[in-house]
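Examination of the molecular architecture
This is what each chain is made of:
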Amino acid sequence: MKRITKDMVKGGGWRYCCVCRRLGPRVKAHWTHEGRDYCDEHKPSAAPASLTKAAA
């Protein structure tokens, strides 16, 4: 998961959350993960806690 930077916005215009864009109203995204953009509310966790505990 990466934070969307000013350079990313300059290069591609405003980016909107994939979830909010579908459900409305459009909310600007601040995070990108696996090719999709998300706002703070819909930001997926980087790694589920259950998987990290099971691997350890």
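Here's what I pulled together on the structure shown here. (Residues numbered from 1 in each chain as written. Predicted model: local features only at pLDDT ≥ 70, side-chain atom pairs only at ≥ 80, totals over all residues. Heavy atoms only, no water.)

1. Brief notes about the packing of aromatic side chains
What describes a pair of aromatic rings is the distance from one ring centre to the other and the angle between the planes of the rings. Scanning all chains against the criterion turns up zero aromatic pairs. Between the NZ or CZ atom of Arg26 and the centre of the ring of Tyr16, over which it lies, the distance is 4.0 Å. Its end group placed over the ring of Trp14, Lys28 keeps NZ or CZ at 3.7 Å from the ring centre. (Phe/Tyr/Trp six-rings, centres within 6.5 Å; stacked < 30°, edge-to-face > 60°. Lys NZ or Arg CZ within 6 Å of the ring centre and 35° of its normal.)

2. Observations concerning the sheet that holds strand S1 (residues 2-3)
Read from one edge to the other, the open sheet built from three strands follows the order S1-S2-S3, with strand pairing classed as antiparallel. The open sheet terminates on both sides in strands that have one partner only, identified here as S1 and strand S3 (36-38). (Pairing = 2+ DSSP bridges. Helix = DSSP H or I, 4+ residues; strand = E, 2+ residues; numbered from the N terminus.)

That's the geometry; what it means functionally is another story.
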